[in-house]
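Structure assessment
Chain residues, written in single-letter form:
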Amino acid sequence: QYIDSNITRRITNQELGEVMGYNPNYLNRLVLGITGMSLYQYVLQRRLNRATELLLTTQQPVSEIAVNLGFHSSSHFSGFFKKATGTTFWEYYTMFRLEKSIHYMQDFPKETLSDIAHKSGFRNVRSFYEAFHNYHRCTPKEYRKMLQKL
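Throughout what follows, the structure given in this document is the object of discussion. (Residues numbered from 1 in each chain as written. Predicted model: local features only at pLDDT ≥ 70, side-chain atom pairs only at ≥ 80, totals over all residues. Heavy atoms only, no water.)

**Re the packing of helix α4 (residues 39-57) against helix α7 (residues 89-107)**
What counts is decided by this rule: Fitted lines through C-alpha atoms serve as axes, helices being fitted only where they are in contact, and the angles separating the N-to-C directions of these axes extend from 0 to 180 degrees. Put simply, DSSP H or I for four residues or longer makes a helix, DSSP E for two residues or longer makes a strand, and each gets a number counted from the N terminus. Roughly parallel means an angle under 35 degrees; roughly antiparallel, over 145; roughly perpendicular, 65 to 115; everything else is oblique. The hand of a helix crossing depends on one turn: near helix anticlockwise from the far one by less than a right angle means left-handed, and clockwise means right-handed. We call two residues in contact whenever any of their non-hydrogen atoms come within 4.5 Å of each other. Residues are grouped as follows: nonpolar covers Ala, Val, Leu, Ile, Met, Phe, Trp, Tyr, Cys and Pro; charged covers Asp, Glu, Lys and Arg; every other residue, Gly included, is treated as polar.
Contact geometry of α4 with α7 gives a least axis separation of 11 Å together with a crossing angle of 50 degrees. In terms of axis orientation, α4 runs oblique to α7. For the element pair α4 and α7, the recorded crossing hand is right-handed. Taking contact as the criterion, the partners of Thr 52, Leu 55 and Leu 56 in α4 are, on α7, Phe 89, Tyr 92, Tyr 93 and Phe 96. Looking at side-chain class alone, the contact of α4 with α7 contains six nonpolar, one polar and no charged residues.

Structural data, given as structure tokens:
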């Protein structure tokens, strides 16, 4: 809870040790044994999780979220995100929107593809079609027809 409540500022191992009543080195070993990450890495992971949550659920720009969560800049956040996940945030975000669009197609078969594109977070139908085709190797219309046959 302390980490989440203070995620927007620099948190040191010393500070966490004092708050939790442990020697910082012992606390670091304890966290490493439980999570497989050092205390520093764990705090960064919590920041990454919070940033990802905000980026997927709000309209705040990446630069604002990154700086508010203690990253030096949006490029620092982007580099950290890529290193941690193996993909860029924008690729991750596109996949998130595509998965959302598939759920909409399944749950609302009468919904227009234009409406699905917008509800899934795409700015226009063309970008939706391009992203969908790049990932699924078919158009949303073809995908929907396949769903109807199943």
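**Here's the deal with the layout of surface pockets**
For clarity, the cut-off: Here a cavity means grid points, on a 1 Å grid over the protein atoms only, where a 1.4 Å probe fits yet cannot get out; a pocket means an open set of points with protein on both sides within 12 Å along at least five of seven lines; lining residues are those with an atom within 4 Å of a point. Grid points are joined across faces, edges and corners, and a volume is the space filled by probe spheres set on the points.
Within this model, the largest pocket holds a volume of roughly 360 Å³. As for the largest pocket, its lining consists of 18 residues, of which Leu 55, Thr 58, Gln 59, Trp 90 and Tyr 93 are closest to the centre. Counting residues per element, the ones that place at least two in the lining of the largest pocket are α4 and α7. Considering every element that reaches the lining of the largest pocket, the biggest residue donor is α7, with six residues. Classifying every residue of the lining of the largest pocket by side-chain character gives eight nonpolar, six polar and four charged. Roughly 300 Å³ of volume is contained in the second largest pocket. Broken down by secondary-structure element, the contributors of at least two residues to the lining of the second largest pocket are α4 and α6 (74-85). With four residues, the top contributor of residues to the lining of the second largest pocket is α4. Across the lining of the second largest pocket, the residue classes break down as six nonpolar, six polar and three charged.

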